[in-house]
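Listed here are the chains, written in short residue letters.
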Amino acid sequence: MLKIILAVVGRDLKLAMRRQADIVSALFFFVIVVSLFPLGIGPEPDLLRKLAPGVLWVAALLATMLSLPRLFADDHRDGTLEQLALAPHPLGLVVTGKVIAHWLVSGLPLALIAPVLGIQFDLSTDALLVLTGAILLGTPALSGIGAIGAALTLGLRGGGVLLSLLVLPLYIPVLIFGAGAVDATVSGLGGEGHLSLLAAMTFASLGFAPWASAAALKIALE
Amino acid sequence: MLEADNLECVRGERRLFAGLGFNLEAGELLYLQGRNGAGKTSLLRMIIGLLPPETGEIRWKGKSIRSSGDEFRADLCYLGHLNAIKEELTPLENLLASAHLADEALSEDDALDALEQVGLAGREDLACKYLSQGQKRRVALARLVKERRPLWVLDEPFVALDVAAVDWLAGIISAHLQRGGLAVMTTHQLVAIPAGTVRELKLS
């Protein structure tokens, strides 16, 4: 079971390394969107501190969305998806591997660069740590939920827009608790509760989303 | 070994075929023929279990392929009209990755040997996007060289191949039949397969 997941993760990471432009462009999108806010709002530290969690999280959601349409589309186009569906293991495990690989190349870099961007918003060290932790815990859920949307819209014309309409509303809980964790830390309440809920959402979506995506992929392959 | 009963295929509003059945034993090859749109590829996709038939059933070793699932797929090798190779990976990496994902043991030496047999020696480390159509097809076909699964389902395997490669592939398929394997394939060019019993099924 672990072997097939690792095989898929390994393959997808190798492909991502050969196509670094994709990773870098999503990351730069995140950096630029987040940086536009302090420039647009001006040097008002109190306002910026207040906006920071929401801005960073919304930008993280959008940056994750950028790479989602290609999650299954490339494999579908060149026939690899059929071969994966015909491999002698449940398709859900294959999708689990793809979700993990997607997180490693889209969610993880966002979490690593978020504290640097947080400095622009004058966040305290504690808040920066919680922000990084929240993005680290929350983004796997984004990849998981996104996989369902990507599988459902596979092969549709204009699927990218439909994908955003399907997936962004489902991201709302992650956004609320992710931004809430930083808010709570800034206001001195402590963000542990929010972080626990984020972790719960991540585990639930990693357990459930691959199987829902696999069911959608089977329909797309008929 | 592979039996199909009373299959019916409906795509969209059209019924492509109904009441179709066949029985294939070890060492036999089934040639599917028919004009474009007759439902050859649909029938192949039913046989590999990606497309559920409207009515009827397909059995492998006496068990319905829908209930045996992974067990059936462990005996199956499918080669579609898409090559299922990644443009960014080299032929060697493609071959190893697809074996890995299909849960097959394939050593690097075996993979190199297979690539040499399909005439890609010296190109194993070149990304597939730099290969020609025919060469990409050869990378896909290289999978068959070391493939020991009993049931091969091939969709138009001779397309984009030159004469020498067609002969080579016919040889690979007859070696498979001699080992007691089964093969189902669609083709527009009838290629003589030297060994095994060849059966034909015309869809119209």
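Residues numbered from 1 in each chain as written. Chains lettered and ligands numbered in written order. Predicted model: local features only at pLDDT ≥ 70, side-chain atom pairs only at ≥ 80, totals over all residues.

So, on to the packing of helix α1 (residues 2-18) of chain A against helix α4 (residues 91-101) of chain B. Between α1 of chain A and α4 of chain B, whose axes approach to 9 Å, the crossing angle comes to 155 degrees. Comparing their axes, α4 of chain B and α1 of chain A come out roughly antiparallel. As α1 of chain A packs across α4 of chain B, the resulting crossing turns out to be left-handed. Taken together, the residues of α4 of chain B that come into contact with α1 of chain A (itself represented by Ala7, Val8 and Arg11 of chain A) are Ala97, His100 and Leu101 of chain B. When its residues are assigned to classes, the contact of α1 of chain A with α4 of chain B shows 4 nonpolar, 1 polar and 1 charged. (Axes fitted to C-alpha atoms, helices over the stretch in contact; angles between N-to-C directions. Helix = DSSP H or I, 4+ residues; strand = E, 2+ residues; numbered from the N terminus. Parallel < 35°, antiparallel > 145°, perpendicular 65-115°, else oblique. Left-handed = near helix turned anticlockwise from the far one by under 90°. Contact = placed C-beta atoms within 7 Å. Nonpolar A, V, L, I, M, F, W, Y, C, P; charged D, E, K, R; others polar.)

This part is about helix α6 (residues 91-119) of chain A. A rise of 1.5 Å per residue sets the reference length of α6 of chain A, with its 29 residues, at 42 Å; its end C-alpha atoms lie 42 Å apart and thus fit the reference within 8%. Of all the bends in α6 of chain A, the largest measures some 40 degrees and sits at Leu104 of chain A. (Expected span 1.5 Å × (residues − 1). Bend = angle between axes of the 7 residues up to and from the residue.)

This brings us to the interface of chain A and chain B. The partner chain B presents 21 residues to the 20 residues of chain A that form the contact. Elements represented by at least two residues in the side of chain A that touches chain B include exactly α1 and α5 (80-86) of chain A. Classifying every residue of the side of chain A that touches chain B by side-chain character gives 10 nonpolar, 4 polar and 6 charged.

All names here are of chain B. Strand order across the open sheet formed by 5 strands is β6-β7-β8-β3-β9, with parallel pairing between neighbours. A strand with exactly one partner marks an edge of an open sheet, and here the two such strands are β6 (76-79) and β9 (197-202). Within the sheet, the average angular offset between the axes of one strand and its neighbour, ignoring direction, is 15 degrees. (Pairing = 2+ DSSP bridges.)

Glancing now at unusual backbone geometry. All names here are of chain B. One non-glycine residue, Ala84, lies in positive phi territory at about 55 degrees. We classify Ala84 as buried; it has 21 C-beta atoms within 10 Å. Even without being glycine, Glu156 reaches a positive phi, approximately 50 degrees. Positionally, Glu156 belongs in the loop between β7 (151-155) and α7 (163-178). Judged by the 18 C-beta atoms lying within 10 Å of it, Glu156 is partly exposed. (Buried ≥ 20, exposed ≤ 12 C-beta atoms within 10 Å, placed from the backbone.)

Attention now goes to the environment of Glu88 of chain B. Its place among the elements puts Glu88 of chain B in the loop between β6 and α4. In this structure Glu88 of chain B comes out as partly exposed when scored by C-beta crowding, with 17 C-beta atoms within 10 Å. Each C-alpha atom of the pair Glu88 of chain B and Cys128 of chain B lies 6.2 Å from the other, and the pair is 40 residues apart in sequence. Setting aside residues up to four positions removed in sequence, Glu88 of chain B forms contacts with Leu15, Arg18 and Arg19 of chain A together with Ala127 and Lys129 of chain B.

As a further point, take the sheet that holds strand β4 (residues 55-60) of chain B. Residues and elements named next belong to chain B. Spatial ordering of the open sheet is given by β2-β1-β4-β5, a layout of 4 strands whose pairing is antiparallel. With one partner strand each, in any of the chains shown, β2 (14-24) and β5 (63-64) form the two edges of the open sheet. Pairing of strand β1 (residues 2-11) with β2 involves 7 bridges; the strand directions are antiparallel. Bridge pairing in β2 places Leu2 opposite Leu24.

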